[in-house]
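Descriptive analysis of the structure
Here is how the chains run, residue by residue.
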Amino acid sequence: MTVTSMSPSRAEDIGLQALLWLAGQDELTGHFLASTGAAVEDLRTQAKDPGFLGAILDFLLTDDSSVLAFSADAQIPPEAVATARALLPGGDLPHWT
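Given the structure is predicted, the values throughout are model-derived calculations rather than measurements.

1. Section: the overall build of the protein
The helix and strand tally for the protein stands at 6 helices and 0 strands. The order of α-helices and β-strands along the protein, N terminus first, is α-α-α-α-α-α. By its C-alpha atoms, the protein is 35 × 25 × 25 Å across when sized along the principal axes. The buried share of the protein, reckoned over its 97 residues, is 36%. Relative to all contacts within the protein whose residues are 6 or more apart in sequence, the contacts with residues 24 or more apart total 65%.

2. Thoughts on the nonpolar core
Core analysis: the biggest nonpolar cluster contains 26 residues, and I14, F32, L57, L60 and F70 have the highest contact counts within it. Elements that contribute at least two residues to this core include exactly α1 (8–23), α2 (26–36), α4 (50–61), α5 (64–74) and α6 (79–87). For I14, the residues in contact, after removing those within four places along its chain, are M6, L57, F70, I76, A80 and A84.

3. Section: α5
All buried positions along α5 are accounted for by S66, V67, F70, S71 and A74. With its buried residues spanning 120° around the axis, α5 presents them on a single face. Facing away from the buried surface of α5 by more than 90 degrees, the exposed residues are D64, A72 and D73. Buried-residue contacts for α5 involve α1, α2, α4 and α6.

4. So, the pattern of salt bridges
Counted under the stated rule, the structure contains 1 salt bridge. Salt-bridge contacts for R85 lead to D58; the nearest nitrogen and oxygen are separated by 2.7 Å. Of this pair, R85 sits in helix α6 while D58 sits in helix α4, placing them 27 residues apart in sequence. Taking relative accessible area as the criterion, R85 reaches 6% and is therefore assigned buried. Under the relative-accessibility criterion, D58 is labelled partly exposed at 31%.

Scoring rules and cut-offs
Residues numbered from 1 in each chain as written. Predicted model: local features only at pLDDT ≥ 70, side-chain atom pairs only at ≥ 80, totals over all residues. Heavy atoms only, no water. Helix = DSSP H or I, 4+ residues; strand = E, 2+ residues; numbered from the N terminus. Buried < 20%, exposed > 50% of the residue type's maximum accessible area, 1.4 Å probe, protein only. Contact = heavy atoms within 4.5 Å. Core = buried A, V, L, I, M, F, W, Y, C linked by side-chain atoms within 4.5 Å. Arc of directions from axis to C-beta. Salt bridge = Lys/Arg side-chain N within 4 Å of Asp/Glu carboxyl O.

Next comes the structure, spelled out in structure tokens:
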């Protein structure tokens, strides 16, 4: 899936799906909160913020097993996660890893 074949709205939908999925994964949620400095309340209050959804996808993309588990549960191709991330704010920044 390419960036041009996904709409920004669809990217936000995938980010929101990822947030909901992450919220159901207690260990991962704790790791996300600890590594980002976000608070539990942020999961609710920033759920419509495309930048926050991008941070959720960034977090998932740091671990292949998380991407694969999320994409399987969401019934989307794993590469759609990276495509969605590229369309959200900050997704156009260079990656050095």
